[in-house]
Amino acid sequence: MLKIGLTGIPGSGKTTVMKMFARLGAKVISTDEICHRLLCPGHNCYYQIVSAFGQACLRPDGNLNRVYLRQRLLTSLEDKKKLEAILHPAIYKAVITQLKEYEKEDPKGIVIIEVPLLFEAGWQELFDLILTVYAGEDICLARLKERGLTGEEAQGLISLQWPIEKKVKQSDFVIKNEASLEETEKQVRAIWDNLLAQLHR
C-alpha cells in the first residue's frame, strides 16, 4: 500500500485535490475531518480542551466554540501548544487505525492522507511520498476571505504554518492549484498514473 501525505497552506485547495484522487480510486483520510469528530462532546479531546480552556470555550449548546478557539490559537503561542498537545497524538492514533483498516481491505491500494500540518508536526516518516498543493499566498488569502474569515484571521492562519515554498522543496510531488479545476485535475491524473506505475513495479 502506498501512503501519500497531502499538504499545503490554508486556502491552497488540499481538500479539492484529495476529492479528485478519491474519484480516481484512492482511499482517503482527512485529518481535518478526524479533528472535527474529536472536538465533539463525548470524545476525550473535548473534555481535555474544556479542562484546559475553561467554560469560555463552550457555546450555550455545549459544543466547543471553534471561533473562540481559533482566536486563542492565533493570539497565543502557549494556547496553540496546548491545543496541539491534546489533538495531535489523538489525530495520529486515528490515522494509524484507519491505515491499518485500509491495509487489510486493499494491501495494493493507494491512500491519500490530508495533513495540513504534516511538516510542522514532524509526520514525514509516516508516508512513502509527500505531495504539496501549491497556490500563491494572495490567492489563498482571497479564498479564505470567501469562506468568511477576516483578512487578519486568514493571514494569521497562514502564518502559523511553514511557507508554501519550504513545503514544496521537501515534497516528492507538487500540484499547482491556481487556475481552473480542469487544469488541477490534469495534474492529479498525471500523478495518479505515476503512483499506479510505482505500485505495480
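The sections below set out a description of the structure shown in this document.

Cut-offs used in this document
- Residues numbered from 1 in each chain as written.
- Predicted model: local features only at pLDDT ≥ 70, side-chain atom pairs only at ≥ 80, totals over all residues.
- Heavy atoms only, no water.
- Pairing = 2+ DSSP bridges.
- Helix = DSSP H or I, 4+ residues; strand = E, 2+ residues; numbered from the N terminus.
- Axes fitted to C-alpha atoms, helices over the stretch in contact; angles between N-to-C directions.
- Contact = heavy atoms within 4.5 Å.
- Parallel < 35°, antiparallel > 145°, perpendicular 65-115°, else oblique.
- Phe/Tyr/Trp six-rings, centres within 6.5 Å; stacked < 30°, edge-to-face > 60°.
- Buried < 20%, exposed > 50% of the residue type's maximum accessible area, 1.4 Å probe, protein only.
- Lys NZ or Arg CZ within 6 Å of the ring centre and 35° of its normal.
- Arc of directions from axis to C-beta.
- Salt bridge = Lys/Arg side-chain N within 4 Å of Asp/Glu carboxyl O.

Here's the deal with the sheet that holds strand β2 (residues 27-30)
Taken together, the 5 strands give an open sheet; going across it, the order is β2-β3-β1-β4-β5, and neighbouring strands pair in parallel fashion. Of all strands in the sheet, those with a lone pairing partner are β2 and β5 (173-176), marking the two edges. Put simply, the sheet's adjacent strands are angled 20° from each other on average, direction ignored. Bridge count between strand β1 (residues 2-8) and strand β3 (residues 110-114): 5 bridges; the pairing is parallel. The residue bridging L2 from the neighbouring strand is I110, located in β3. Relative to β2, helix α2 (residues 31-38) is tilted by about 50°, and along the sheet it contacts β2 and β3. Sheet contacts for helix α9 (residues 181-199): β1, β3, β4 (129-134) and β5; angle to β5, the most-contacted strand, approximately 160°.

A few points about the packing of helix α4 (residues 66-75) against helix α5 (residues 77-105)
Where α4 contacts α5, the two axes come as close as 5 Å, and the packing angle between them is 120°. Our classification of the angle between α4 and α5 gives oblique. Across the interface between the two elements, L69, R72, L73 and T75 from α4 touch L77, D79, K80 and L83 from α5.

Some points on the packing of aromatic side chains
Evaluated as defined, the whole model comprises 4 aromatic pairs. Their ring planes at 90° and their centres at 5.0 Å tell us that Y46 and Y47 sit as a pair that is edge-to-face. Taking relative accessible area as the criterion, Y47 reaches 49% and is therefore assigned partly exposed. The interplanar angle of 80° and the centroid separation of 4.9 Å between the aromatic rings of Y92 and W123 together place this pair among those described as edge-to-face. Placement of Y92 in helix α5 and of W123 in the loop between β3 and β4 is noted, with a sequence separation of 31 residues between them. On the accessibility criterion, Y92 (33% relative accessible area) is partly exposed. Lying over the aromatic face of F53, K82 brings its terminal NZ or CZ to 5.4 Å of the ring centre.

Some thoughts on helix α3 (residues 44-53)
Among all positions in α3, only C45, Y46, I49, V50 and F53 are buried. All buried residues of α3 project into a common sector of 135° when viewed along the axis, lining one side. Opposite the packed face of α3, turned more than 90 degrees from it, sit the exposed residues N44 and S51. Looking at the buried side of α3, the elements it contacts are α2, α4 and α5.

Concerning the pattern of salt bridges
Inspection of the entire model under this criterion finds 10 salt bridges. One salt bridge in this structure joins E185 and R23, with 3.7 Å as the shortest N-O distance. A residue pair is termed long-range when its members are at least 10 positions apart, and E185 in helix α9 and R23 in helix α1 (residues 14-24) qualify at 162 residues. Overall, the relative accessible area of 33% leaves E185 in the partly exposed class. With relative accessibility at 58%, the residue R23 sits in the exposed group. K176 is the salt-bridge partner of E178, the closest N and O atoms lying 3.7 Å from each other. Its relative accessible area of 29% is what places E178 among the partly exposed residues. Here the salt bridges share partners, and the residues they tie into one network are R72, D79 and K82.

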